[in-house]
Amino acid sequence: MTRERVYNRRMGDLLITDVRLLDPATGLDAPGELLVRDGLILDHGASLGRPDGATVVAGGGACLAPGLVDLRAALGEPGAEHRETIASAAQAAAAGGITTLCALPDTDPPLDDPALIQFVIRRGEATGCVTILPYGAATAGCAGKEMSEFGLLREAGAIAFTDGARAIGSARTMRLALSYARAFGSFVVQHPEEPSLAAGGAATEGERATRMGLPGIPRAAEAMMIARDIALARITKGHVHFAHVSTAEALDLIRAAKAEGLKVTCDTAPPYFDLNETAIGEYRTYAKLSPPLRDEADRLAVIAALKDGTIDAIASDHQPRDADDKRLPFAQAEAGGAGLATLLGVTLARVHGGDLTLLAGLDLLSAKPAKLLGIEGGTLRKGAPADLVLFHPERGWRVEAGRLPGKAQNTPFDGRALEGKVLGTWKAGRQVFAA
Amino acid sequence: MPYPHRHLLAIEGLEPPYIAELLDLADHYALANRRGTTQRDLLKGRTLINLFFEDSTRTRTSFELAGKRLGADIVNMSVSTSSVNKGETLLDTAATLNAMRTDLLVVRHGQSGAPALLAQKVDAAVINAGDGTHEHPTQALLDALTIRRRKGRLEGLTVAICGDVLHSRVARSNIHLLLTMNARVRIVGPPTLIPAEAARLGVEVHHEMRTGLEGADVVMMLRLQKERMTGGLVPSAREFFRFYGLDAQKLAWAKPDAIVMHPGPMNRGVEIDSAVADDPARSVIGEQVEMGVAARMAVLDLLSRNLRRNA
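Everything numeric here is computed off the predicted structure, so don't read it as measured data.

## A look at the environment of A:Ala171
Thought 1: In this fold, A:Ala171 is placed in helix H5 (residues 171–181).
Thought 2: Between the C-alpha atom of A:Ala171 and that of A:Met225, which follows or precedes it by 54 residues, the distance is 9.3 Å.

Structure (structure tokens):
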């Protein structure tokens, strides 16, 4: 239904010429052009001719790739519209080259009712520039106790189930959720952090937290939750997905679980491979995240796991916060960073750093998450939705809090120089962003 | 060499010459206080505000007295932390203080980093009078002054800091200061009250008072807060006292002339036995309070010199 509404509108053809075509789903990396008709990719190749009435966009040699599929973003709506609205998040997403975005359900009210799922989907459609796929709350009210109505939520359009930034702390609840989700071919996303060890913590436990006098969260809080849920995946045969994995120990566990053949997947977010805990020096609350930034050894382990395929996707983990949430003493400030506008640029830093090929980086941002979600997109194949991003991989810009697209300005990358700029974004063949 | 900073937010990162300068100046004020020869107009026309978000009668009084002895105009502001939006209060307060043209701002706050946040927003020179579990710089200065007067030096001394190090800003400031001045520092306490990676700060970590106190020149006891017991970090006060409370028997493990210190207020019978706390031959706890005023006078004096230069 969604597909028809978004894609089958009549409009003229679109031809994007003089681009480097990059399709992580097929391995295509070649110069050429791409033709869009009725919101779908009609063809691509070295030279496609000029259909009558086609709008021609000259790519100027820039890269054309599938629009990014962001596995994880909090939107602020409903309930925290002072931080971000679906409309403002959509604007930031478009500027970041994101055309599909999975919205977290720990809103106010939480997305634990089919009507709320439909509401968020409709609000996404109304923006016209991004498909919003809401997660259903894994438990009623995201409170971690009773399972929510997976079947009804799935029918309403919930993409999968999670309690967002709240860990599902009870082993029994997690077991039931993993088991029950199988009936609907779905999976459960865990915020992997043992809550009793993380409570009140503001930074990764260690020398830095000790010096700054901040309550620490031990790194093992992540690994032990992941170890527990892997054991539950084993006995339930369910699919567990771990969000924003950030420690070497946890990644080793996931690597082993995958080798064992369990249905275990995971993502990470740009801060965990671009920053380490030194970013919180001088009590910089914009760098206060959940999970907290780790040490350099963990950052390098995350990069290694991106390279060897242990990590399935890079998600923005966009968590909008306003000035009142952040201009507080560090332990009182809210955790979370804005991430939509910087998702591509920070990932490209790993490409420029030689850790990932350009196609591998794009794979983690589009084809792999699309496959994980079981949705179309993440490819330039003929017949695929014309969700596209045009970017210049080397063009530089500086991240500046206060000047980012969208409402949320709480970027942990404030001041970071990035190479890789989005020039244009198309949703179902319609241009939704132009630099 | 003039003191190069506008504020005193932490001991960590302070270079040895500035610590020495502060201690020398404090020594001068200690002597002047005893003789009654303090120059009483040094801070004339300067406004000092004691901004306390946490109750602390002794630190506030000590700063108040220090400011008065130097002739400053002093206002005490106690801000309730029970209000819902603490942060708004903090930054709103900063705006208010700027409007009042405050010169020196003494801040006590329950959150680590709060004085640093305030320092970014106010025009005044900010003195950290204790922030969360981060630092309490003037306490470390007064402790060092007390030690130096009793032992003649800091370098080469062995100082044992005992008890709830995890939650102690006093311990952190003392560790930084004493290590910077080339003393040896041991921290002693149950593993649940020792901060993570404490050894990386450069201290020796002990979990037994016997090994921790052995050969120590200075035994510094920390206050154990009642909440720590309810938080389950130690099982009971009597168990804590049995293994980590300083009594005459445990003190005998230290050097025969070792001095006993405590930042106050004391929990008698929890971390320290009255017989030790009140022993004039060993305890310098009263002298610490006296040195507190002198150390704070030195800090106010030094920071106000920069104000004058900038004015």
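## A few points about the nonpolar core
Thought 1: Ranked by size, the top nonpolar core spans 92 residues in total, and within it A:Leu101, A:Phe242, A:Val264 and A:Phe391 carry the most contacts.
Thought 2: The leading source of residues in this core is helix H2 (residues 86–95) of chain A, at six residues.
Thought 3: Two domains share this core, each providing at least three of its residues, namely domain 1 (2–64 + 385–434) and domain 2 (67–373) of chain A.
Thought 4: Residue contacts for A:Phe391: discarding those within four places in its chain leaves A:Leu22, A:Ala62, A:Cys63, A:Ala65, A:Leu344, A:Leu348, A:Leu358, A:Leu362, A:Lys421, A:Val422 and A:Leu423.
Thought 5: By size, the runner-up hydrophobic cluster in this structure holds 66 residues, among which are B:Leu22, B:Leu42, B:Leu145 and B:Met291.

## Here's the deal with the interface of chain B and chain A
Thought 1: Taken together, the contact pairs 23 residues of chain B with 16 residues of chain A.
Thought 2: Linking chain B with chain A are two salt bridges.
Thought 3: A salt bridge links B:Glu12 to A:Arg211; the nearest nitrogen and oxygen atoms lie 2.7 Å apart.
Thought 4: At the surface where chain B touches chain A, the tally comes to eight residue pairs in polar contact (both at pLDDT 80 or more).
Thought 5: Only helix H3 (86–99), helix H4 (114–121) and helix H6 (169–180) of chain B provide two or more residues apiece to the side of chain B that touches chain A.
Thought 6: The residue makeup of the side of chain B that touches chain A, split by class, is eight nonpolar, eight polar and seven charged.

## Examining the packing of helix H1 (residues 16–35) of chain B against helix H5 (residues 137–151) of chain B
All names here are of chain B.
Thought 1: Two numbers describe how H1 lies on H5: the axes approach to 10 Å, and their chain directions differ by 70°. The angle between the axes of H1 and H5 places the two elements in the roughly perpendicular class. Listed contacts from H5 to Ala 20, Leu 22, Leu 23, Asp 24, Ala 26, Asp 27, Ala 30 and Arg 34 of H1 are Leu 141, Ala 144, Leu 145, Arg 148 and Arg 149.

## Some remarks on the domain arrangement of chain A
Residue and element names in this part refer to chain A.
Thought 1: When its domains are assigned, chain A resolves into domain 1 (2–64 + 385–434) and domain 2 (67–373).
Thought 2: The C-alpha-based centres of domain 1 and domain 2 are spaced at 25 Å.
Thought 3: Facing the 42 residues of domain 1 at the interface are 52 residues of domain 2.
Thought 4: With both chains or domains summed, domain 1 and domain 2 bury close to 3500 Å², and 66% of this area falls on carbon and sulfur atoms.
Thought 5: When the area that domain 1 buries against domain 2 is broken down by residue, the three leading residues are Asn 410, Pro 412 and Phe 413, summing to 20%.
Thought 6: At the junction of domain 1 and domain 2, the tally comes to one salt bridge.
Thought 7: A salt bridge links Arg 416 to Asp 274, with the shortest nitrogen-to-oxygen separation between them at 2.8 Å.
Thought 8: Inspection of the domain 1/domain 2 interface yields 15 residue pairs in polar contact (both at pLDDT 80 or more).
Thought 9: Elements supplying a minimum of two residues to the side of domain 1 that touches domain 2: helix H1 (2–7), strand E1 (14–23), strand E2 (28–37), strand E17 (388–398), strand E18 (417–427) and strand E19 (430–434).
Thought 10: Among the elements that make up the side of domain 1 that touches domain 2, the one with the highest residue count is E18 (seven residues).

## Quick look at the packing of aromatic side chains
Residues and elements named next belong to chain A.
Thought 1: Taken as a whole and assessed by the stated rule, the structure comprises five aromatic pairs over all chains.
Thought 2: Measuring from ring centre to ring centre gives 5.7 Å for Phe 150 and Tyr 180, while their planes differ by 50°; the resulting arrangement is tilted. With Phe 150 in helix H4 (residues 150–156) and Tyr 180 in helix H5, this pair connects stretches of sequence that are 30 residues apart.
Thought 3: By relative accessible area, Tyr 180 is classed as partly exposed at 39%.
Thought 4: Aromatic ring contacts, followed pair by pair, group Phe 150, Phe 161, Tyr 180 and Phe 184 into a single cluster.

Calculation criteria
Residues numbered from 1 in each chain as written. Chains lettered and ligands numbered in written order. Predicted model: local features only at pLDDT ≥ 70, side-chain atom pairs only at ≥ 80, totals over all residues. Heavy atoms only, no water. Helix = DSSP H or I, 4+ residues; strand = E, 2+ residues; numbered from the N terminus. Core = buried A, V, L, I, M, F, W, Y, C linked by side-chain atoms within 4.5 Å. Buried < 20%, exposed > 50% of the residue type's maximum accessible area, 1.4 Å probe, protein only. Domains from an automatic or database assignment. Contact = heavy atoms within 4.5 Å. Salt bridge = Lys/Arg side-chain N within 4 Å of Asp/Glu carboxyl O. Polar contact = N/O pair within 3.5 Å; in protein donor to acceptor, adjacent residues only side chain to side chain. Nonpolar A, V, L, I, M, F, W, Y, C, P; charged D, E, K, R; others polar. Axes fitted to C-alpha atoms, helices over the stretch in contact; angles between N-to-C directions. Parallel < 35°, antiparallel > 145°, perpendicular 65-115°, else oblique. Buried area = accessible area lost by both parts, 1.4 Å probe. Phe/Tyr/Trp six-rings, centres within 6.5 Å; stacked < 30°, edge-to-face > 60°.

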